Amino acid sequence: MPSSTSASSGWTRGRGWTQATGLNAYVHYAAVNPRVAEQNTRQITQALADEGPHAHHRS
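If you're wondering where the values come from, they're calculated on a predicted model, not measured in any experiment.

Caption draft 1: View of the overall build of the chain. Secondary structure summary: the chain contains 2 helices and 0 strands in total. Going through the 59 residues of the chain one by one, you find that 15% of them count as buried. Split by element, the accessible area of the chain, about 4700 Å² in all, is 57% carbon and sulfur.

Below, the structure written as structure tokens:
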């Protein structure tokens, strides 16, 4: 079973990947496809707001 540290590290990497792909897609699509750019904006916003799977279990 993975430790909470490795789970946190994995979660952090996943958030970083989501933000990086979202930003890259946003830059590409902002001028040519506003609908996709809007979806990427939501993706980035949700990734920034999400504290991970253990956020509610912290003391």
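Further notes follow.
Caption draft 2: Structural view of the pattern of salt bridges. This model, assessed by the stated rule, comprises 1 salt bridge. Linking Glu38 and Arg42 is a salt bridge whose minimum nitrogen-to-oxygen distance equals 3.1 Å. Remark: Arg42 and Glu38 occur in helix α2 (residues 34–49); sequence separation between them is 4 residues, near one turn of the helix.

Caption draft 3: Summary view of the side chain of Asn40. Residue position: Asn40 is located in helix α2. When its relative accessible area of 8% is taken as the criterion, Asn40 is described as buried. Apart from the residues within four sequence positions on either side, Asn40 is in contact with Gly22, Ala25 and Tyr26.

Thresholds, definitions, all that
Residues numbered from 1 in each chain as written. Predicted model: local features only at pLDDT ≥ 70, side-chain atom pairs only at ≥ 80, totals over all residues. Heavy atoms only, no water. Helix = DSSP H or I, 4+ residues; strand = E, 2+ residues; numbered from the N terminus. Buried < 20%, exposed > 50% of the residue type's maximum accessible area, 1.4 Å probe, protein only. Areas by Shrake-Rupley, 256 points an atom, 1.4 Å probe, with all protein chains shown as cover. Salt bridge = Lys/Arg side-chain N within 4 Å of Asp/Glu carboxyl O. Contact = heavy atoms within 4.5 Å.

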